[in-house]
Amino acid sequence: MMKRLALLLFVSLIVVPAQAKPPLTEGETDPVMLDLDPYMIKALRGNAKNSSPKNPIAPGRYGPEGSIVDLLTEPAFNKLIQKHGLKVFNGPMLGDVTPTSARVWIRTAGTASFHVVVGDQISPTIQTTAENDFTGIAHVEGLKPWTDYTYTIVLDGEEISHPAFHFKTYPTAGTPARYSIAFGSGARYVPTKEAIWKTMADTQPLAYLGLGDNVYIDATERRDVQRLHYYRRMLRREYRDFISQTPVYAVWDDHDMGDNDCAGGPGLNKPWKLPNLNVFQQNWNNPFYSHDDQAPGTWHNFTMGNVEFFMLDGRIYRSDIQDPADTTNTMLGESQKRWLLNSLKQSTAKFKVLCSGTMWHDLADKGGKDSWAGPRFRSERDEIFDLINQERIDGVLLISGDRHRTELWKTDRPGGYPLYEFLSAKVTNMHSHAPRKEAEWSFNEGNFWGEIGFDFAPTDPTVTFKAINQDGNEIKATTFKLSELSHTSNP
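So, here is what we can say about the structure in this document.

Scoring rules and cut-offs
- Residues numbered from 1 in each chain as written.
- Predicted model: local features only at pLDDT ≥ 70, side-chain atom pairs only at ≥ 80, totals over all residues.
- Heavy atoms only, no water.
- Salt bridge = Lys/Arg side-chain N within 4 Å of Asp/Glu carboxyl O.
- Helix = DSSP H or I, 4+ residues; strand = E, 2+ residues; numbered from the N terminus.
- Buried < 20%, exposed > 50% of the residue type's maximum accessible area, 1.4 Å probe, protein only.
- Axes fitted to C-alpha atoms, helices over the stretch in contact; angles between N-to-C directions.
- Parallel < 35°, antiparallel > 145°, perpendicular 65-115°, else oblique.
- Left-handed = near helix turned anticlockwise from the far one by under 90°.
- Contact = heavy atoms within 4.5 Å.
- Pairing = 2+ DSSP bridges.
- Polar contact = N/O pair within 3.5 Å; in protein donor to acceptor, adjacent residues only side chain to side chain.
- Nonpolar A, V, L, I, M, F, W, Y, C, P; charged D, E, K, R; others polar.
- Right-handed = clockwise from strand over helix to strand, strands pointing away.

Throughout the structure, instances matching the rule amount to 33 salt bridges. Between Arg-315 and Asp-254 there is a salt bridge, with its nearest N and O atoms 3.9 Å apart. Remark: Asp-254 occurs in helix α8 (residues 254–257) and Arg-315 occurs in the loop between β14 (307–311) and α10 (334–346); sequence separation between them is 61 residues. Considered together, Arg-315 and Asp-254 belong to a single accessibility category, that of buried residues. Overlapping salt bridges, with partners in common, bring together Asp-253, Asp-254, Arg-315, Arg-318 and Asp-370 in one network.

In structure tokens, the structure reads:
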């Protein structure tokens, strides 16, 4: 009998849903957040305990689908909006920049019309509505490559400008330019850590890649809580200024899709998949979300001069090891994998960057429990790696997130060049994971982001991986020549 009770207790511990992480508020200094954050937390989250399908009703005022649409029915909330001049409630957020165009995302405090002026170019007018959580994206075309621009938002006839409203268009392929991008994950909203976004902005990256865990939600069944976490992160001044001047590209990982180490499994049968994806899409400014209408997700790719980035969704169709009925062995799902393999073969970029929320190397994770090294995912990873050799695709780089440290990994490949993986996953989080002695280098102190610098001025272009901390100091750096990442030099 005691053994049976112990077994039942063990099973119950397994199936209890993950606790939704409570919002952190200690040490807050931002005047907007001091007023709005406690109000929104109480209204949209209440004292939420978990996100179990058996407990879908939120203890907040508006149930599990609550949003700013509901908040704006409250006079007290509207008074706070007026006090802080938040007609543009969130944003602007830059995204999908090309040599000749850019897109600007905003969330308004209620239904509004807006357009964006960049130089002599004016976007079409966009209407924000309750159906899209008062978000809209303006597309500006006719810009010049590799050119600095400032922009203005015209909202219901009122011009809105700010020193952070500026960006640079991307170079065309073949331009002997030098530029860098920033990337990271592990970015829970922590009031005392948010200054890192200003430090990052000061380095003027040409883009920021959010590799998942971009916010920590852990509330699979609670769209109200999901929205809350996006609202609060984008209200903070340092982050707001950062995304106003830095194009952002994002995929989700476990903590912003569902809960810790979650997997979506095949198909779209799980009722939370499409609603959660809809919230994600409303809060980012990606070029697109999946290439396949029958298999929606967060993956996408984009080109920056001589570099192509492949942003991968390793969660929505990942094999669910907790589901006995799931017999698949995939991280990406069939449609995304086919897209990636075909796109890699067709890419003409000198460098191709495969961007994953979880780690690639066999030793980077906790025994492969939640990474590409897991027994059900390794064969798919090796299929990608084998294609690189078979098709003699040069210049492939790997980046990843998830584990709260920064490091460089090397994977030797018979018949090809080594594949180097740059991990960075502690932008604002407080908790660290232990460094790994097996890596080329590994570090976990403080907070940091990854910088990837490209230099196409030399005959043999270079890429430099830099780990940069919250003070803007370089922690580690390693440079490779394109020829070192080539089948010609590594037959």
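Back to the write-up after that little detour.
For any two helices packed against each other, one specifies the crossing angle of their axes together with the interaxial distance. It is the contact of helix α2 (residues 31–45) with helix α4 (residues 75–83), at a shortest axis distance of 10 Å, that shows an interaxial angle of 155 degrees. Between α2 and α4, the crossing angle belongs to the class labelled roughly antiparallel. Once α2 is placed against α4, the crossing between them reads as left-handed. Contacts from Asp-35, Leu-36, Tyr-39 and Met-40 in α2 reach Ala-76, Phe-77, Leu-80, Ile-81 and Lys-83 in α4.

Position of Gly-450 among the secondary structure elements: in strand β20 (residues 448–455). The spacing of Gly-450 and Ser-244 is 206 residues in sequence and 20 Å in space, taken between C-alpha atoms. Those residues in contact with Gly-450, other than ones at most four positions away along the chain, are Ile-181, Ala-182, Phe-183, Phe-422, Ser-424 and Lys-466.

Now for the pairing of strand β3 (residues 112–118). The side-chain alternation of β3 yields one buried face, formed by Ala-112, Phe-114, Val-116 and Val-118, and one unburied face, formed by Ser-113, His-115 and Val-117. Direction of pairing for β3 relative to strand β5 (residues 126–128): antiparallel, over a ladder of three bridges. Directly across from Ser-113, in β5, lies its bridge partner Gln-127. Examined bridge by bridge, β3 and strand β7 (residues 148–155) share five bridges and lie antiparallel to one another.

Examined against the element boundaries, His-433 turns out to sit in the loop between β18 (419–424) and β19 (441–443). Side-chain polar atoms of His-433 contact the backbone nitrogen of His-404, separated by 2.8 Å. Not counting chain neighbours up to four residues away, the residues in contact with His-433 comprise Asp-402, Arg-403, His-404, Arg-405 and Asn-444.

For the rest of this paragraph, the subject is the packing of helix α6 (residues 223–235) against helix α7 (residues 237–245). Between α6 and α7, the shortest axis-to-axis distance is 5 Å and the interhelical angle comes to 85 degrees. Relative to α7, the element α6 lies roughly perpendicular. Residue-level contacts link Arg-233, Met-234 and Leu-235 of α6 to Arg-237, Tyr-239, Arg-240 and Ile-243 of α7. Across the contact of α6 with α7, the residue classes break down as four nonpolar, no polar and three charged.

To continue, consider the sheet that holds strand β6 (residues 135–141). Ordered by their spatial adjacency, three strands build an open sheet running β1-β2-β6, and the pairing between neighbours is antiparallel. Each of the sheet's edge strands pairs with one partner strand only, and the pair in question is β1 (88–95) and β6. Taken pair by pair, the neighbouring strands of this sheet meet at an average axis angle of 20 degrees, ignoring direction.

Time to look at the pairing of strand β11 (residues 208–211). Where burial is concerned, the two faces of β11 agree: the one with Tyr-208 and Gly-210 and the one with Leu-209 and Leu-211 are both buried. Sheet topology note: the strand β10 (residues 178–184)/β11 ladder contains three bridges and is parallel. Counterpart to Gly-184 in the pairing with β11 is Gly-210. Read from β10 through helix α5 (residues 196–202) to β11, the crossover connection turns out right-handed.

With respect to the secondary-structure elements, Gly-305 resides in the loop between β13 (300–304) and β14. Residues Gly-305 and Asp-394, 89 residues apart in the sequence, show an inter-C-alpha distance of 16 Å.

No statement about biological role is implied by the geometric values presented.
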